[in-house]
Amino acid sequence: MNVGKKKMKRRVLRKRSCRFCKDGVKDINYKDLELVRRYVTERGKIRARRTTGTCAKHQRQISLAVKRARILGQVPFRLEYHRH
């Protein structure tokens, strides 16, 4: 008797491959603002590996590049927003 139980839908997630490994990128440079901004959310947070699909090695390089760009003022620490 399965009264009141909902069926759980399973989502099939495909494995994302690291784009940097595909392209053979050795180092990620903080001066490449287009690349750095792609891995930062609208609120200024660094995107997670599970959402971007990067490997652990390149995710560490991305986070280091974002942090360096923040210190130099190329990428904001967070976006300012106004409360209404």
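Structure first, text after, so check above.
In this report, the structure presented in the accompanying data block is examined. (Residues numbered from 1 in each chain as written. Predicted model: local features only at pLDDT ≥ 70, side-chain atom pairs only at ≥ 80, totals over all residues. Heavy atoms only, no water.)

1. Comments concerning the overall build of the protein chain
Here comes step 1: Of regular secondary structure, the protein chain possesses 4 helices and 0 strands.
Here comes step 2: Shown N-terminal to C-terminal, the secondary structure of the protein chain runs as helices and strands in the order α-α-α-α.
Here comes step 3: Within the protein chain, contacts between residues at least 6 apart in sequence are counted, and of these 59% link residues at least 24 apart.
Here comes step 4: When the accessible area of the protein chain is evaluated, it comes to approximately 7900 Å², of which 51% is carbon and sulfur surface. (Helix = DSSP H or I, 4+ residues; strand = E, 2+ residues; numbered from the N terminus. Contact = heavy atoms within 4.5 Å. Areas by Shrake-Rupley, 256 points an atom, 1.4 Å probe, with all protein chains shown as cover.)

2. Side note on the pattern of salt bridges
Here comes step 1: The full count for this structure, using the stated rule, is 2 salt bridges.
Here comes step 2: For E34, the salt bridge identified is with R38, shortest N-O distance 3.5 Å. Of this pair, E34 and R38 both sit in helix 2 (residues 33–38), separated by 4 residues, roughly a single helical turn. (Salt bridge = Lys/Arg side-chain N within 4 Å of Asp/Glu carboxyl O.)

3. Things to note about the packing of aromatic side chains
Centre distance and the angle of the planes are the two values used to describe a pair of aromatic rings.
Here comes step 1: This structure, assessed with the given rule, holds 1 aromatic pair.
Here comes step 2: Geometrically, the ring pair formed by F20 and Y39 is tilted, given 5.8 Å between the ring centres and 40° between the ring planes. Of the two residues, F20 is situated in helix 1 (residues 19–23) and Y39 in the loop between helix 2 and helix 3 (49–52); the sequence distance between them amounts to 19 residues. (Phe/Tyr/Trp six-rings, centres within 6.5 Å; stacked < 30°, edge-to-face > 60°.)

Everything listed here is a matter of coordinates, which is why it stays silent on function.
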